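Summary of structural features
Residue-level listing of the chains:
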Amino acid sequence: EKTAEQIASWEVDYVVITSVDRDDIFDGGASHYARVVRRIKELRPEMRLECLTPDFNGTSGLDGVAEVATSGLDVHAHNIETVERLQKHVRDRRAGYAESFGVLEHARVANPRVVTKTSIMLGLGEEANEVRQTMRDALSAGIEIFTLGQYLRPSKRHMPVARMLPPEEYEMFRQEGLDMGFKYVASGPLVRSSYKAGEVFIEAFLKERDEAAGRDEAVGH
């Protein structure tokens, strides 16, 4: 309640809500996300909300994903993090490539109007063809927003950086992603999953979608 009221009081139009993993809670924190979103929308219906979520412990039937997707949020984000080959080396072994795409696919099943979004890091040892395959897999999962950014080593305990990609390679992936059919691609060394430049586009994209839905309803009546 307090989190929602604080967010609703901010003089901003777009907010990304995320958290640490709540593996200690049966639903992985899904009900908390949903309650926060519902309350914000009660107080500020016009505020655009993106939730960057974990997989909610892979709860039976992906109930947690559906609860968040139908809570009133506008964008459901869940990061795939890296290409399929490197998943076990980069991510917690409880996470998985297919499972993560399954989260976003299920969000769209639960709420066809929600925008889905994912992100990967580059410089972990992936090959260009693997990046392209990841993008194709994301499109097949119905994902509309895709971001790519440079992996930076947080400490000596973490994986070393295999390669720092030059800006022209990021631009290449951005253009290829758009050509594949993504609605928006942000790609650059400093891009992160909630890259602010994307929010401007997403707001316009959501507005266009809402207006189209309104026209469809008018025609239907």
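Overview of the structure. All values derive from a computational prediction rather than experimental measurement. (Residues numbered from 1 in each chain as written. Predicted model: local features only at pLDDT ≥ 70, side-chain atom pairs only at ≥ 80, totals over all residues. Heavy atoms only, no water.)

Concerning the overall build of the chain
A count of helical and extended segments in the chain gives eight helices and six strands. Rg of the C-alpha trace for the chain: 18 Å, near the compact-globule value of 17 Å for 221 residues, within the 12% margin. Counting every position in the chain, which comprises 221 residues, the buried fraction comes to 45%. Within the chain, contacts between residues at least 6 apart in sequence are counted, and of these 73% link residues at least 24 apart. When the accessible surface of the chain is totalled, it reaches about 11700 Å², and 52% of it is carbon and sulfur. Side chains of the chain give 29 positive and 37 negative charges; the mean places of these two sets differ by 4 Å. (Helix = DSSP H or I, 4+ residues; strand = E, 2+ residues; numbered from the N terminus. Rg over C-alpha atoms; globule rule 2.2 N^0.38 Å. Buried < 20%, exposed > 50% of the residue type's maximum accessible area, 1.4 Å probe, protein only. Contact = heavy atoms within 4.5 Å. Areas by Shrake-Rupley, 256 points an atom, 1.4 Å probe, with all protein chains shown as cover. Lys, Arg positive; Asp, Glu negative; His and termini not counted. Charge placed at Lys NZ, Arg CZ, Asp CG, Glu CD.)

Quick look at the sheet that holds strand 3 (residues 75-77)
Strand order in the open sheet formed by six strands is 1-2-3-4-5-6, with parallel pairing between adjacent strands. Edge positions in the open sheet fall to strand 1 (14-18) and strand 6 (184-187), since each of these has one partner strand only. Strand-to-strand, the axes of this sheet are offset by a mean angle of 20°, without reference to chain direction. Summarising the sheet, strand 5 (residues 145-150) and strand 6 pair through four bridges and their orientation is parallel. What sits directly across from phenylalanine 146, in strand 6, is valine 185. Each of strand 4 (115-122), strand 5 and strand 6 touches helix 7 (residues 167-180); the most contacted strand, strand 6, lies at about 170° to it. (Pairing = 2+ DSSP bridges. Axes fitted to C-alpha atoms, helices over the stretch in contact; angles between N-to-C directions.)

Focus: the nonpolar core
Of all hydrophobic cores here, the largest spans 22 residues; its most connected members are Leu122, Val131 and Leu148. Listed by contribution, the elements that provide at least two residues to this core are helix 5 (97-110), strand 4, helix 6 (128-140), strand 5 and helix 7. Contact partners of valine 131, with chain neighbours within four places excluded, come to Val83, Ile120, Leu122, Glu126, Leu148 and Phe173. Counting 20 residues, the second-largest nonpolar core is a separate cluster that includes Ile7, Ala30, Met47 and Val68. (Core = buried A, V, L, I, M, F, W, Y, C linked by side-chain atoms within 4.5 Å.)

Details of unusual backbone geometry
Non-glycine residue glutamate 81 carries a positive phi angle of around 75°. Residue position: glutamate 81 is located in the loop between strand 3 and helix 4 (87-90).

Side note on the pairing of strand 5
A regular strand carries its side chains on alternate faces of the sheet. Of all six residues in strand 5, six are buried, a share of seventy percent or more. Neither face of strand 5 is open: one carries Ile145, Thr147 and Gly149, the other Phe146, Leu148 and Gln150, and all of them are buried. Relative to strand 5, strand 4 runs parallel, the two sharing six bridges. Of the residues in strand 5, the one forming a bridge with threonine 118 is phenylalanine 146. In terms of handedness, the path from strand 4 via helix 6 over to strand 5 forms a crossover that is right-handed. Taken together, strand 5, helix 7 and strand 6 constitute a β-α-β crossover, and its handedness is right-handed. (Right-handed = clockwise from strand over helix to strand, strands pointing away.)

Considerations on the pairing of strand 2 (residues 48-52)
When you tally the buried positions in strand 2, you get five out of five residues, the bulk of the element. The alternating pattern of strand 2 places Arg48, Glu50 and Leu52 and Leu49 and Cys51 on opposite faces, both of which are buried. The pairing of strand 1 with strand 2 spans five bridges and is classified as parallel. Pairing of tyrosine 14 across the sheet is with arginine 48, part of strand 2.

Some points on the side chain of arginine 48
Looking at the element boundaries, arginine 48 is found in strand 2. A polar contact of 3.1 Å, which involves the side chain of arginine 48, links it to the side chain of aspartate 74. Not counting the four nearest positions on each side in its chain, arginine 48 is found in contact with Asp13, Tyr14, Val15, Lys41, Asp74, Glu203, Leu206, Lys207 and Asp210. (Polar contact = N/O pair within 3.5 Å; in protein donor to acceptor, adjacent residues only side chain to side chain.)

Notes on helix 5
Look at helix 5: 20 Å from first C-alpha to last across 14 residues, which is about the 20 Å you get at 1.5 Å a residue. Turning to helix 5, its buried residues are Tyr97, Ser100, Phe101, Gly102, Val103, Leu104 and Ala107. Considering only its buried residues, helix 5 is in contact with helix 3 (63-69), strand 3, helix 4, strand 4 and helix 6. (Expected span 1.5 Å × (residues − 1).)

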